[in-house]
Amino acid sequence: MTETVAQSESSDYLEKRQLRKGTAGWVLLAGLGVSYVISGDYAGWNAGLLEGGFGGLLIASVIIAAMYLAMVLGMAEMSSALPAAGGGYTFARRAMGPWGGFATGTAILIEYAIAPAAIATFIGGYVESLDLFGISDGWWVYLAVYVVFIGIHLVGAGEALKAMFVITAVALVGLVIFGIAALGKFDAGLLTDIAPDPDAAGSSDFMPFGYLGIWSALPFAIWFFLAIEGVPLAAEEAENPEKNVPRGIIAAMGVLLLTCALVLFLATGALGAQGVGESANPLVDALDGTTATVVNYIGLAGLVASFFSIMYAYSRQLFALSRAGYLPTVLSVTNSRKAPTWALIIPGVIGFALTFTGEGAILLNMAVFGAALSYVLMMVSHIVLRVREPEMERPYKTPGGIVTTGFALVIAVASVIATFLVDTTAALWCLAAFVAFMAYFGLYSRKHLVASSPDEEFALLAEVDKEME
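Residues numbered from 1 in each chain as written. Predicted model: local features only at pLDDT ≥ 70, side-chain atom pairs only at ≥ 80, totals over all residues. Heavy atoms only, no water.

Observations regarding a nonpolar patch on the surface
Working step 1: A grouping of L212, W215, V413, I417 and L421 is seen on the molecular surface, where their side chains present a nonpolar patch of about 410 Å² in accessible area.
Working step 2: Looking at the nonpolar patch, the elements with two or more residues in it are α8 (210-222) and α15 (402-422).
Working step 3: For the nonpolar patch, the element with the most residues is α15, which contributes three residues.
Working step 4: Looking at the element boundaries, W215 is found in helix α8.
Working step 5: The class of W215 is partly exposed, set by a relative accessible area of 31%. (Patch = residues over 30% accessible without salt bridge, like charges linked within 9 Å, V, L, I, M, F, W, Y side chains within 5 Å. Areas by Shrake-Rupley, 256 points an atom, 1.4 Å probe, with all protein chains shown as cover. Salt bridge = Lys/Arg side-chain N within 4 Å of Asp/Glu carboxyl O. Helix = DSSP H or I, 4+ residues; strand = E, 2+ residues; numbered from the N terminus. Buried < 20%, exposed > 50% of the residue type's maximum accessible area, 1.4 Å probe, protein only.)

So, helix α2 (residues 26-37)
Working step 1: Taking 1.5 Å of rise per residue, 12 residues should cover 16 Å, and α2 covers 17 Å from first to last C-alpha, within 8% of that figure.
Working step 2: Across the 12 residues that make up α2, a large majority, 10, are buried.
Working step 3: Residues of α2 that are buried: L28, L29, A30, G31, L32, G33, V34, S35, Y36 and V37. (Expected span 1.5 Å × (residues − 1).)

Brief notes about the packing of aromatic side chains
For any pair of aromatic rings, the description consists of the separation of the ring centres together with the inter-plane angle of the planes.
Working step 1: Overall, the coordinates contain 19 aromatic pairs when judged by the stated rule.
Working step 2: Here the aromatic rings of F54 and F206 are separated by 6.4 Å at their centres, their planes lie at 80 degrees, and the arrangement is edge-to-face. Taken together, the residues span a long stretch of sequence, with F54 in helix α4 (residues 49-81) and F206 in the loop between α7 (157-183) and α8 at a distance of 152 residues.
Working step 3: With relative accessibility at 5%, the residue F54 sits in the buried group.
Working step 4: For F206, a relative accessible area of 36% gives the class partly exposed.
Working step 5: Through successive ring pairs, a cluster of aromatic residues spans Y146, F149, F307, F308, F352 and F356. (Phe/Tyr/Trp six-rings, centres within 6.5 Å; stacked < 30°, edge-to-face > 60°.)

Comments concerning empty space enclosed by the protein
Working step 1: One pass over the full model with this rule turns up one cavity of 30 Å³ or more.
Working step 2: In this model, the largest cavity occupies a volume close to 40 Å³.
Working step 3: What lines the largest cavity is simply Y36, V37, S39, G40, A115, I119, W223, L226 and I310.
Working step 4: Of the residues assigned to the lining of the largest cavity, the class counts are seven nonpolar, two polar and no charged. (1 Å grid on protein atoms, 1.4 Å probe; cavity = no way out; pocket = protein on both sides within 12 Å on 5 of 7 lines; lining within 4 Å. Points joined across faces, edges and corners; volume = space filled by probe spheres on them. Nonpolar A, V, L, I, M, F, W, Y, C, P; charged D, E, K, R; others polar.)

Some words on the packing of α4 against helix α9 (residues 241-271)
Working step 1: α9 packs onto α4 with a crossing angle of 170 degrees between their chain directions and a minimal axis gap of 9 Å. The angle between α4 and α9 falls in the class roughly antiparallel.
Working step 2: Class assignment for the residues of the contact of α4 with α9 results in 20 nonpolar, four polar and one charged. (Axes fitted to C-alpha atoms, helices over the stretch in contact; angles between N-to-C directions. Parallel < 35°, antiparallel > 145°, perpendicular 65-115°, else oblique.)

Regarding unusual backbone geometry
Working step 1: Backbone geometry places A227, a non-glycine residue, at a positive phi of 90 degrees.
Working step 2: Looking at the secondary structure, you find A227 in the loop between α8 and α9.

Some words on the nonpolar core
Working step 1: Formed by 153 residues in total, the largest nonpolar core has its most connected members in W45, Y68, I123, F178 and L226.
Working step 2: Among the elements that line this core, the one with the most residues is helix α5 (residues 88-130), at 21 residues.
Working step 3: Sequence-distant contacts of W45, that is, excluding residues within four places in its chain, are made with G40, L57, F220, W223, F224, V263, L264, A267, T268, V276, P282 and L283. (Core = buried A, V, L, I, M, F, W, Y, C linked by side-chain atoms within 4.5 Å. Contact = heavy atoms within 4.5 Å.)

Description of the pattern of salt bridges
Working step 1: Applying the stated criterion across every chain, the model contains four salt bridges.
Working step 2: Among the salt bridges present, the one from E77 reaches R386, with a minimum N-O distance of 2.7 Å. A residue pair is termed long-range when its members are at least 10 positions apart, and E77 in helix α4 and R386 in helix α14 (residues 360-388) qualify at 309 residues.
Working step 3: When the shortest N-O distance is used, the salt bridge between E77 and R394 registers 2.9 Å. Of the two residues, E77 is situated in helix α4 and R394 in the loop between α14 and α15; the sequence distance between them amounts to 317 residues. Like E77, the residue R394 is buried in the burial classification.

Written out as structure tokens, the structure reads:
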């Protein structure tokens, strides 16, 4: 493999690419982690009932929850050792070199650029169902949410994260209200109201689509936790990131485990697996009367929270890759408020274009492809760093070490394959985009990396230390 080439830039280069420091403690970071994901409790996961039935989705959710917990513990360690805005890309760059770093960053970008488009289609559905402002055509909603929230992010990270925290708190209150109301309607018999497929191996009332249904349900189970891995992207803007980023991501994971169990059992038990699986607004349809209306409005807040925060994540990932020269460097220039202007706008334009497909489920599967691929690469990074750099300073260490992240790696590989089972065409389009990015790197940007960027400096320090041993 031909070598990459890193070049030095003037101090003015990095001066134009500065994020605001110390804007988030661990509580705000935990809120960010929950905010990334909480829309998945309100919509998206329920389509997994049509792939695996209640039993298939339940088993898939337990497997995926275990994978995410293991992965989060691994990422907590790496983020404490390498606190930079690149997140997973930074970890992989240190562990596997420029090719591995860019591959990981690209997979994360695919996830974060597409996920807001999927969420925007769900927001459009909620707005139309509420008959807000008389809107019956979703594209006006898609345009409004992109323009408004990009504008808020351009004001600065501190303001954006605080606004996100408030919206997320409202969405969590909505889940509590839903849980109390749905508990009164819960009927265990409704969990298994999908007729078993007699041709599916292992089919039963509990798993109507058999063993393969569990595998097909994996991408939808991922929607319960998708994007929590974005917490380390706030490292450069966090206060005491070595301690607060691990605390934040672990606390967020604890909250999300509870919300996953709450909606999976209570929504399905209140409406039935078939009805929930076919619903565009599953939590609302599981209720009735005034409570349903209240949850509908609050559900909109949950979708907005995730849309808002994932926009933050894609901008920081693109900022880090651009600042280091992997992507055009103009994308990492920040404004007077220390917000990366073009890193917010360009993916927003792409996401808005994708909303015109109107296919939230397909976009969801495409986002999961990018996410699962990045998980594979990040878990490999943890294992490589543990083996290759055992003496690296790690303020936090993953319980179980490489056994923990090795488990997450196996499930992540299975999840990548599962996206092809659900929608082969969508997964292939994502694969093609990934290959195109890697071709760009191989043909051009690997010769134009910026040696003075934080991520490249992390890697350079590691190489110097190794040479001095």
